[in-house]
Amino acid sequence: MSSPSGVPDADGLLAEQLLRLTRRLHRIHKQHLEPVGITPAQSRLLRTVAHCAEPPRMADLAQRLEVVPRAVTSLVDALEEHGSVCRVPDPSNRRVVRIELTASGRATLRELRDARRRAAEEILAPLAAGQREALGELLSTLMDGAGHP
C-alpha cells in the first residue's frame, strides 16, 4: 500500500493487516462456536448476562453491548429458544422484564469458554510464548487508548 507520493504507507498497511486479522478471528471464532449452536453475537450477550450482579433488563443489555434494543430482543429470543436464558419479571416493577441465565445457559457458557480457548489456540499457534506476551501488551496499549481521540 502506497501513499499518493508513492512512498509505502506503513499505517495504511498495518490497518489493512488488522482488518484482515479481524475477519480471520471472526471466521475462526464462528467455526468453533458452531458446534455449541451459538453465534458470536449470542455468545457475547450470554457472557454479558453472566457478568451482571443481578439479571439485567433488556435496556441494560443494549447499552452494555452498544446495540439497539431490537437487536437484544432478537438475541434473547434465540437464546431463550436455545434454553440458555429466560425472561423473568422484575420483583419491584412488573412492567420490567429481566434476563436470567438458566442451568443450560451456564453449561453453554462452559462450552463457549472451551470453544473460545480452542479458537485462540488456533489463532495464536504461529506465535512463540514471548511473541504472545508482546502481542498481549500491544493489544492492551491499543485497548487502553481506544477511548482517546
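Basis of the calculations
Residues numbered from 1 in each chain as written. Predicted model: local features only at pLDDT ≥ 70, side-chain atom pairs only at ≥ 80, totals over all residues. Heavy atoms only, no water. Salt bridge = Lys/Arg side-chain N within 4 Å of Asp/Glu carboxyl O. Helix = DSSP H or I, 4+ residues; strand = E, 2+ residues; numbered from the N terminus. Core = buried A, V, L, I, M, F, W, Y, C linked by side-chain atoms within 4.5 Å. Buried < 20%, exposed > 50% of the residue type's maximum accessible area, 1.4 Å probe, protein only. Contact = heavy atoms within 4.5 Å. Expected span 1.5 Å × (residues − 1).

**Side note on the pattern of salt bridges**
1) Next: Using the criterion set out here, one finds 7 salt bridges in the structure.
2) Next: Among the ionic pairs, Glu54 bridges to Arg98, the shortest N-O distance being 3.8 Å. With Glu54 in the loop between α2 (40–50) and α3 (58–65) and Arg98 in strand β2 (residues 97–101), this residue pair connects regions lying 44 residues apart in the sequence.
3) Next: The network of salt bridges with shared partners includes Glu54, Asp90 and Arg98.

**What about the nonpolar core?**
1) Next: Leu45, Leu46, Val72, Val76, Val85, Ile99 and Leu112 are the most contacted members of the largest nonpolar core, which totals 20 residues.
2) Next: Where this core is concerned, the elements lending two or more residues are α2, α3, α4 (69–82), β2 and α5 (103–124).
3) Next: Excluding its chain neighbours within four sequence positions, the residues that come into contact with Leu46 are Leu79, Ser84, Val85, Leu101, Gly105, Thr108, Leu109 and Leu112.

**Observations regarding the side chain of Thr48**
1) Next: Summarising the element assignment, Thr48 is placed in helix α2.
2) Next: A residue is classified by how much of its surface remains accessible, and Thr48, at 15% relative accessible area, is buried.
3) Next: Excluding anything up to four places from it in sequence, Thr48 contacts Leu61, Arg64 and Leu65.

**A closer look at helix α1 (residues 10–33)**
Helical geometry: 3.6 residues make up each α-helical turn, so side chains three or four residues apart lie on a common side.
1) Next: The terminal C-alpha atoms of α1, which comprises 24 residues, lie 34 Å apart, in line with the 34 Å expected from a rise of 1.5 Å per residue.
2) Next: Every buried residue belonging to α1 is among Gly12, Ile28, His29, His32 and Leu33, and all of these are buried.
3) Next: Its buried side turned inward, α1 meets α2 and α5.

Remember, this is a structural readout, not a statement about activity or role.
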